[in-house]
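The primary structure of each chain is shown beneath.
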Amino acid sequence: FAESTDIVVIGSGGAGLSSAIMATEAGAKVIVLEKMAYFGGNSTRAEGGMNAAGTKQQIADGVTDDSPEIFYKDTMKGGHNLNNPALLRTLTENAAGAEEWLLSLGAKFCHRMGRGGGQSKARSHGPCDGSPVGIELMRVLGERAAKDKIDMRNLNQVTDIVMKDGKVAGVKVKTPEGMKTIDAKAVILAAGGFGANQAMVTKYRPELKGFSTTNHPGATGDGIVLAEKVGASLTDIEQIQIHPTVIKRNGALISESMRARGGFLLNKNGKRFTNELLTRDVVSANELKQPGGVAYLIVDNSIYKKNKMLRSYVSEKLMTRCDTIDDVAKLIKADPAVVKASFEQYWKAYDQKKDDLFGRPEMVIRMDQAPYYVAEVTPGIHHTMGGVTIDPKTEVISKATGKPIPGLFAAGEVTGGVHGGNRIGGNAVADIVTFGRIAGVNAAKYVGK
Ligand code: ADP
């Protein structure tokens, strides 16, 4: 005796819940299955923000010259032109609508000034108090899912997608009560990436052996294996992002927004070594060339005063307070004169609006307000750009036929192609909400709702 429903959603992160809400509100009966004890996956850990171009909030802040087209070009360039053009169009044209949808669900998001790596316009959105975006995102999605009375089950790990007559017919699930089968007309795969699966990471990228990861322990790539078992094609599976500002001892992430807001990086010798606003892959590569493969991220009190996330880094001892520039030098064990000269160079760059050393395009603040806050950082595994092949309707594509596998949809980090060879910071939240919503709508249509 099997239970039956219209749609099973595998995974309870941002992609899973966005799709579950849209499908439910279209009239479909939905069950969300989550293997971990907690809901929210990596989405809960998203720190920086959500990129969207042409939002009302951007315009109100005076950023009137951004557009989906510029967003597209920035992302394509940042992704080394490997991004799937149709998927990227879908993202860049629908992210603003996705952000407005979150506002309508009650998200306390503001537009943020300052740009992250690879962005030519300030298009990040997130909690107005600077707290991490993922927590607020999952708060509103969780509340809406509860209001919609969506059946969400934790400790339910999908082990197989069941096919019948060439179509999706349900899933097999490992539950605390034993194995179960759930009959379903459609499945939305929203099981996230594989950044926490060392074996899978090194299978595709042997040189990443031993790197720490910022991912939650459930990011093990189950979704990719599930999809492959039913014949799905994979895209860019070897494209794995390392993020340049990770704390080695525990894999904690220091958000890219710290640099976007004006922070800079020094090496062990106390010298800047890169334009800090380059894309994550390039900053990481530049960092690995420094002594010991580490860098020191430095921010000042003007950021600290306004930013809740930074205050939590300090209270969690991820960043250390230094009352003077000499204290910064002492902490990083560099020559104080060299560190002082690095600060002065940055002040000059701010004053003349031009960074002679590395061509950093925007300084935002002068970075002269003590105390300073410093973290030793190193690159860590952050995001898996590759995954299951989808079309712009989020239908999963069969490896054998090149056509959609009937009834199988996928959204979020489990998919490949949106971000190409490098994901721009702030595009993950944009991706999961935009494509999650599309998956929900299309799966509901597919089941006749
Ligand atoms: P996205 O950002 O794409 O939404 P997340 O990492 O936030 O991805 O969420 C994916 C969720 O899917 C995680 O909570 C993860 O534990 C869950 N998950 C992964 N594999 C399975 C599985 N086999 N069965 C059920 N849930 C799974």
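Residues numbered from 1 in each chain as written. Predicted model: local features only at pLDDT ≥ 70, side-chain atom pairs only at ≥ 80, totals over all residues. Heavy atoms only, no water.

Engineer: Talk me through the state of the cysteines; I want residue IDs and the actual numbers.
Structural biologist: Considering all chains together, one arrives at one disulfide under this definition. Across a sulfur-sulfur distance of 2.1 Å, Cys 110 and Cys 128 are joined as a disulfide pair. When the S-S torsion is 95°, as for the bridge of Cys 110 with Cys 128, the disulfide is right-handed. Of this pair, Cys 110 sits in strand S4 (residues 109-112) while Cys 128 sits in the loop between strand S5 (124-127) and helix H5 (133-147), and the two are 18 residues apart along the sequence. (Disulfide = S-S within 2.5 Å. Helix = DSSP H or I, 4+ residues; strand = E, 2+ residues; numbered from the N terminus.)

Engineer: I'd love a proper account of the sheet that holds strand S10 (residues 234-235), names of residues and values included.
Structural biologist: Read across the sheet, three strands follow the order S10-S16-S19 without closing on themselves; strand pairing throughout is mixed. Where the open sheet ends on each side, the last strands, each with one partner, are S10 and strand S19 (415-416). Here strand S16 (residues 387-389) runs beside S19; their pairing, made up of two bridges, is parallel. Counted as the bridge partner of Val 388 is Thr 415 from S19. Most of the contacts of helix H7 (residues 222-229) go to S16, to which it runs at about 35°, and overall it touches S10 and S16. (Pairing = 2+ DSSP bridges. Contact = heavy atoms within 4.5 Å. Axes fitted to C-alpha atoms, helices over the stretch in contact; angles between N-to-C directions.)

Engineer: I'd like a description of the pattern of salt bridges, backed by residues and values.
Structural biologist: All told, the structure shown has 28 salt bridges when counted by the stated rule. A salt bridge links Arg 89 to Glu 69; the nearest nitrogen and oxygen atoms lie 3.2 Å apart. Of this pair, Arg 89 sits in helix H4 (residues 85-104) while Glu 69 sits in helix H3 (residues 68-78), and the two are 20 residues apart along the sequence. For Glu 69, a relative accessible area of 36% gives the class partly exposed. Beyond isolated ion pairs, a larger network of salt bridges with shared partners links Arg 272, Glu 276, Asp 355 and Arg 360. (Salt bridge = Lys/Arg side-chain N within 4 Å of Asp/Glu carboxyl O. Buried < 20%, exposed > 50% of the residue type's maximum accessible area, 1.4 Å probe, protein only.)

Engineer: Tell me about the packing of aromatic side chains, residues and numbers included.
Structural biologist: For the coordinates displayed, the defined rule picks out seven aromatic pairs. Summarising the aromatic geometry, the rings of Tyr 304 and Tyr 373 are spaced 4.3 Å apart at their centres and angled 10° between planes, so their arrangement reads as stacked. Highlighted residues: Tyr 304 in helix H10 (residues 301-306) and Tyr 373 in strand S15 (residues 372-384), separated in sequence by 69 residues. For the ring pair Phe 343 and Trp 347, a centre distance of 6.2 Å and an interplane angle of 65° mean the geometry is edge-to-face. In this pair, Phe 343 and Trp 347 are both assigned in helix H13 (residues 336-352), four residues apart and thus about one turn of the helix distant. The rings of Phe 264, Phe 343, Tyr 346, Trp 347 and Tyr 372 are connected pair by pair, giving a single aromatic cluster. Cation over ring: Arg 89 sits above Tyr 72, and NZ or CZ is 3.7 Å from the ring centre. (Phe/Tyr/Trp six-rings, centres within 6.5 Å; stacked < 30°, edge-to-face > 60°. Lys NZ or Arg CZ within 6 Å of the ring centre and 35° of its normal.)

Engineer: I'd like a description of the site of the ligand, backed by residues and values.
Structural biologist: In the neighbourhood of the ligand, 25 residues make up the surrounding shell, with Ala 15, Glu 34, Ser 43, Asp 222 and Glu 413 lying closest. One of the backbone N or O atoms of Gly 13 is found 3.5 Å from an oxygen atom in the ligand. At a separation of 3.0 Å, an oxygen atom of the ligand approaches a polar backbone atom of Asn 42. Mapped onto the shell around the ligand, the elements with two or more residues apiece are helix H1 (14-25) and strand S7 (157-164). A class-by-class count of the residues in the shell around the ligand yields eight nonpolar, 13 polar and four charged. (Near = heavy atom within 4 Å. Polar contact = N/O pair within 3.5 Å; in protein donor to acceptor, adjacent residues only side chain to side chain. Nonpolar A, V, L, I, M, F, W, Y, C, P; charged D, E, K, R; others polar.)

Engineer: I'd like to hear about the nonpolar core, residue by residue, with values.
Structural biologist: Ranked by size, the top nonpolar core spans 86 residues in total, and within it Ile 7, Ile 10, Leu 102, Leu 141, Val 171, Val 388 and Val 433 carry the most contacts. Broken down by element, this core gets its largest block of residues, nine residues, from helix H14 (residues 427-446). Once residues within four sequence positions are removed from consideration, Leu 141 is found in contact with Gly 14, Leu 17, Ser 18, Ile 21, Trp 101, Leu 102 and Leu 105. Formed by 41 residues, the second largest nonpolar core is a distinct cluster that contains Met 258, Val 283, Tyr 296 and Phe 343. (Core = buried A, V, L, I, M, F, W, Y, C linked by side-chain atoms within 4.5 Å.)

Engineer: So what about H5? Which residues, and what values?
Structural biologist: Its 15 residues give H5 an end-to-end C-alpha distance of 21 Å, which sits within 8% of 21 Å, the value for a rise of 1.5 Å per residue. Lys 149 occupies a position one or two residues after H5 and carries a positive phi of about 55°. (Expected span 1.5 Å × (residues − 1).)

Engineer: I'd like a description of unusual backbone geometry, backed by residues and values.
Structural biologist: Omega for the bond connecting Ala 370 with Pro 371 falls within 30 degrees of zero, at -5°, which places this linkage in the cis form. As for its position among the elements, Pro 371 is in the loop between H13 and S15. Positive phi values are uncommon outside glycine, yet Lys 333 reaches one of about 60°. With respect to the secondary-structure elements, Lys 333 resides in the loop between helix H12 (325-332) and H13.

Engineer: Lay out the confidence of the model for the protein in plain terms, naming residues and giving numbers.
Structural biologist: Residues at a pLDDT of 70 or more form 100% of the protein, whose mean pLDDT is 97. Here the prediction assigns the complex a pTM of 0.93, and the interface score ipTM is 1.00. (pLDDT = per-residue confidence, 0-100.)

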